[in-house]
Amino acid sequence: MTFSICVRESYVDADGDDQHRFGVAVTTRLPGVGALCPFASEHGAVATQALTNVELGRRGMDYLEDGLAVDDALRALLNADDGRAERQLHGVDSEATFAFTGDDCLGWAGHREGDDYTVAGNLLTDEGVVEATADAYERNADGDEPLAKRLIDALGAGHAAGGDKRDDLAIQSAAVVVTSTEDREMEPYYNDLRVDATETPLRDLRETFSMAREGYEAALEKYAEA
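Residues numbered from 1 in each chain as written. Predicted model: local features only at pLDDT ≥ 70, side-chain atom pairs only at ≥ 80, totals over all residues. Heavy atoms only, no water.

Per an unreviewed UniProt entry, the protein carries the name DUF1028 domain-containing protein and comes from Haloferax chudinovii.

Put into structure tokens, the structure is as follows:
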């Protein structure tokens, strides 16, 4: 049904302070994935999918805000979920990662954990989709492009490797959300984007990102002059 990536990155802001950014991106062969699966805040990022339980994402973020580690938070939620065998849940916080694929998830289903990221998918053509997504992110982890762009590109690599196997479902969707611990006057417009119903979700999400980035840069220029 879905594949997604959650990421944590450390960086130093313009004032020399240490910060974290968190990102999550997801695509599926169903409409509206951005309303159900991706969650992110200044405390971490979580994706809930397969037989999606949105409360796992919402409550997972609440637990992270309360100070629980991501592995403790998500494991506790799964332990209390009678449908966990059909769930897929993964995420990151400022220090740890967690990924879970239930035994009853359909099609090829699985996940991969890196030091600072998690990738998971179900109903995929094969494990190469998850591997391609993770490898693409790793290759560009230190790149100059915004994290939102790099996450979209990572999903693109997974799609090129086979993606969601249900090619009889034409209407698809994709979303990306990026947050950070940095306090900014203007959050980049391209850090929270969705394409809810289209036959070309990643192409459309890339185009939406490009337009949002152009608009953000134009706004910065305008208000800097003012």
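This is not the end of the story, as more comes after the structure.
Just checking my understanding: could you explain helix 2 (residues 70-79) for this structure?
Taken residue by residue, helix 2 has Val70, Ala73, Leu74, Leu77 and Leu78 as its buried positions. Taken down its axis, helix 2 places every buried residue within 125 degrees of arc, on the same side. Contact partners of the buried residues in helix 2: strand 4 (44-50), helix 1 (54-65), strand 5 (87-92) and strand 6 (97-101). (Buried < 20%, exposed > 50% of the residue type's maximum accessible area, 1.4 Å probe, protein only. Helix = DSSP H or I, 4+ residues; strand = E, 2+ residues; numbered from the N terminus. Arc of directions from axis to C-beta. Contact = heavy atoms within 4.5 Å.)

Help me out: how do you make sense of the pairing of strand 9 (residues 172-180) in this one?
Each regular strand displays side chains that alternate between the two surfaces of the sheet. The buried count for strand 9 comes to nine of nine residues, which makes it a mostly enclosed element. Residues Gln172, Ala174, Val176, Val178 and Ser180 of strand 9 are buried on one face, and the alternating residues Ser173, Ala175, Val177 and Thr179, pointing to the opposite face, are buried as well. In this structure, strand 9 lies alongside strand 10 (residues 192-198), joined through five bridges in antiparallel fashion. For Gln172, the partnering residue across the bridge sits in strand 10 and is Thr198. (Pairing = 2+ DSSP bridges.)

Sorry, what's going on with the nonpolar core here?
Most often, soluble globular proteins have nonpolar side chains that are buried together. If you look at the biggest cluster of nonpolar residues, it comprises 29 residues, and the most contacted ones within it are Ile5, Tyr137, Leu151 and Val176. At the level of elements, strand 1 (2-12), strand 8 (117-124), helix 3 (128-140), helix 4 (147-160), strand 9, strand 10 and helix 5 (201-225) are the ones that each hand at least two residues to this core. Of the residues forming this core, the biggest block, six residues, is contributed by helix 4. In this view, Ile5 contacts Gly23, Val24, Ala25, His90, Thr118, Val119, Thr133, Tyr137, Leu151, Ala154 and Leu155; residues no more than four positions away in its chain are not counted. (Core = buried A, V, L, I, M, F, W, Y, C linked by side-chain atoms within 4.5 Å.)

Even after reading the chapter, I still don't get the environment of Gly23, so can you show me in this structure?
In this fold, Gly23 is placed in strand 2 (residues 18-28). Its relative accessible area of 0% is what places Gly23 among the buried residues. Along the backbone, Gly23 and Gly102 are 79 residues apart, and their C-alpha atoms lie at a distance of 23 Å. Setting aside chain neighbours within four positions, we find Gly23 in contact with Ile5, Cys6, Val7, Ala45, Leu147, Leu151, Val177 and Val178.

What is the right way to look at the side chain of Gln49 in this model?
Inspection of the secondary structure puts Gln49 in strand 4. Take Gln49: its relative accessible area is 0%, and that puts it in the buried class. Reaching out from Gln49, the side chain makes a polar contact with the side chain of Ser4 at a distance of 2.5 Å. If we skip the residues at most four places from it in the chain, Gln49 touches Thr2, Phe3, Ser4, Cys37, Glu86, Arg87, Gln88, His90, Ala120, Gly121 and Asn122. (Polar contact = N/O pair within 3.5 Å; in protein donor to acceptor, adjacent residues only side chain to side chain.)

Whenever I open this one, the sheet that holds strand 7 (residues 108-113) confuses me. Can you help?
In a beta sheet, neighbouring strands are held together by backbone hydrogen bonds and run either parallel or antiparallel to one another. The six strands are arranged 7-8-1-2-9-10 in an open sheet whose pairing can be described as antiparallel. The open sheet terminates on both sides in strands that have one partner only, identified here as strand 7 and strand 10. Neighbouring strand axes in the sheet, compared pairwise and without regard to direction, differ in orientation by 10 degrees on average. Of the strands in this sheet, strand 1, strand 2 and strand 9 are in contact with helix 4, which crosses strand 1 at around 150 degrees. (Axes fitted to C-alpha atoms, helices over the stretch in contact; angles between N-to-C directions.)

Which parts of the structure should I look at to understand helix 4?
Within an α-helix, residues lying three or four positions from one another point in the same direction, as the helix has 3.6 residues per turn. Compared with an ideal rise of 1.5 Å per residue, which puts 14 residues at 20 Å, helix 4 spans 20 Å between its outermost C-alpha atoms and is within 8% of the ideal. For helix 4, every residue scored as buried is listed here: Leu147, Ala148, Arg150, Leu151, Ile152, Ala154, Leu155, Gly156 and Gly158. Phi turns positive one or two residues past the end of helix 4, at Gly162, with a value near 140 degrees. (Expected span 1.5 Å × (residues − 1).)

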